[in-house]
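# Structural description and commentary
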Amino acid sequence: MKKNFSERFWEIDFLRGIAIVLMIVYHLIFDLNYFGLYTTNLDSLPVLLFLYPIGTTFLLLVGISLTVSYSRANKKLSKRQLRLKFFKRGTSVFGLGLIITLVTWVYPHNGFIMFGILHCIGLSILLAYPLIRFRNLPLILGGLCIILGVFLRITVVVDFPWLLWLGFVPSFFFTLDYFPLLPWFGVVLMGIFLGNSLYQNNKRKFLLKDHSQFIMNRMVCFLGRHSLIIYLLHQLIIVGLLYLFHLVVNGSRIV
């Protein structure tokens with residue numbers, strides 16, 4: 001049976017679609033730099049100011065989407081079924097993160113992803129489930145997580161990797177993607193607060209004209225609805241295209 005997209009809030013899909021486009025742009029810049037095709041400083045302030053809002057938007061939308069999904073499912077499922085639904089969702093996303101870890105460990109290996117955004121989202125879903133029904137508690141805990149995470153990143157360096165997932169960064173640590181729970185779980189909790197504030201009983205608590213039928217908006221919303229599969233595949237496509245381009249232009253393989 002065809003899914004009825006009218007039940008979705010188009011603005012959430014739209015914002016997620018914008019974020020996925022910006023992420024693709026960043027990863028294109030990253031890949032050009034990684035393979036030596038175009039040199040740029042990925043730690044420069046302009047690049048970081050471009051990167052961090054993308055991750056922040058994704059994780060805020062994770063929190064908002066959790067509240068919307070919870071509100072809808074809570075009317076149809078028992079408490080046990082509801083817990084199982086979110087447990088399956090969290091573990092499946094985290095499992096995809098483990099696959100990313102394995103793939104990047106095989107190639108390119110250098111800087112393979114140990115705790116990237118999919119790991120963070122999956123674990124955040126599991127941890128956030130008991131907090132979804134609260135209004136202000138996620139805001140308080142989210143603020144604390146962000147403050148603690150920033151403090152850890154600025155001041156604490158350790159010589160062991162076991163708490164990497166939490167935000168304790170070892171010296172000489174390098175990875176292609178890193179989203180520890182501190183501070184990023186705090187951003188998900190902020191999203192839960194926003195979701196509970198802006199959406200209740202599967203309805204908006206604010207006025208918004210429906211612009212979802214404009215052709216450009218429909219395209220962006222389509223990307224937002226399929227953001228997970230796009231995230232999983234886009235790097236393969238980018239790297240493949242860069243590889244072919246390099247072969248055509250230079251007649252040699254990328255080292």
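Here we summarise the structure given alongside this text. (Residues numbered from 1 in each chain as written. Predicted model: local features only at pLDDT ≥ 70, side-chain atom pairs only at ≥ 80, totals over all residues. Heavy atoms only, no water.)

Helix and strand counts for the chain stand at eight helices and two strands. Counting from the amino terminus, the chain carries its helices and strands in the arrangement α-α-α-α-α-α-β-β-α-α. The C-alpha atoms of the chain give 19 Å as radius of gyration, which agrees with the globular expectation for 255 residues (18 Å, within 12%). Across its three principal directions, the C-alpha atoms of the chain cover 60 × 50 × 35 Å. Of all 255 residues assigned to the chain, the portion counted as buried reaches 40%. Long-range pairs, those at least 24 residues apart, make up 73% of the contacts in the chain with a sequence separation of at least 6. For the chain, the exposed surface amounts to about 15,200 Å²; the carbon and sulfur share of it is 69%. (Helix = DSSP H or I, 4+ residues; strand = E, 2+ residues; numbered from the N terminus. Rg over C-alpha atoms; globule rule 2.2 N^0.38 Å. Buried < 20%, exposed > 50% of the residue type's maximum accessible area, 1.4 Å probe, protein only. Contact = heavy atoms within 4.5 Å. Areas by Shrake-Rupley, 256 points an atom, 1.4 Å probe, with all protein chains shown as cover.)

Taken as a whole, this structure holds zero disulfides when the rule is applied. Note on Cys 120: no disulfide assigned, nearest cysteine sulfur contributed by Cys 145 at a separation of 10 Å. Relative accessible area serves as the criterion here: at 0%, Cys 120 is assigned to the buried category. (Disulfide = S-S within 2.5 Å.)

What follows deals with the packing of aromatic side chains. Where two aromatic rings form a pair, the distance of their centres and the angle of their planes describe that pair. In this structure the tally under the stated criterion is eleven aromatic pairs. With 4.9 Å between their ring centres and 55 degrees between their planes, Phe 179 and Trp 184 make a pair best called tilted. For the pair Phe 179 and Trp 184, one class covers both residues: buried. Ring pairs connect the aromatic residues Phe 9, Tyr 199 and Phe 206, which therefore count as one cluster. (Phe/Tyr/Trp six-rings, centres within 6.5 Å; stacked < 30°, edge-to-face > 60°.)

Once that is clear, we can look at the packing of helix α5 (residues 137-155) against helix α6 (residues 181-198). Axes are the key here: two packed helices are described by the angle between their axes and the distance separating the axes. Close contact between α5 and α6 brings their axes to 7 Å; oriented N to C, the two are set at 160 degrees. As summarised for this structure, α5 and α6 are arranged roughly antiparallel, according to the angle between their axes. By crossing handedness, the relation of α5 to α6 is classed as left-handed. Across the interface between the two elements, Pro 138, Leu 139, Leu 141, Gly 142, Gly 143, Cys 145, Ile 146, Leu 148, Gly 149, Val 150 and Leu 152 of α5 pack against Leu 182, Pro 183, Phe 185, Gly 186, Val 187, Leu 189, Met 190, Ile 192 and Phe 193 of α6. For the contact of α5 with α6, the per-class residue count stands at 16 nonpolar, four polar and no charged. (Axes fitted to C-alpha atoms, helices over the stretch in contact; angles between N-to-C directions. Parallel < 35°, antiparallel > 145°, perpendicular 65-115°, else oblique. Left-handed = near helix turned anticlockwise from the far one by under 90°. Nonpolar A, V, L, I, M, F, W, Y, C, P; charged D, E, K, R; others polar.)

All right, on to unusual backbone geometry then. Residues Leu 182 and Pro 183 are joined by a peptide bond in cis, for which omega reads 20 degrees. Tracing the sequence through the fold places Pro 183 in helix α6. The phi dihedral of Phe 172 falls on the positive side, at around 60 degrees, and the residue is not glycine. Mapping Phe 172 onto the fold places it in the loop between α5 and α6. According to the relative accessible area criterion, Phe 172 is exposed, its value standing at 86%. Backbone geometry at Asn 201 places phi at a positive 55 degrees, although glycine is not the residue there. Following the sequence through the fold, Asn 201 ends up in the loop between β1 (199-200) and β2 (203-204). Judged by its relative accessible area of 55%, Asn 201 is exposed.

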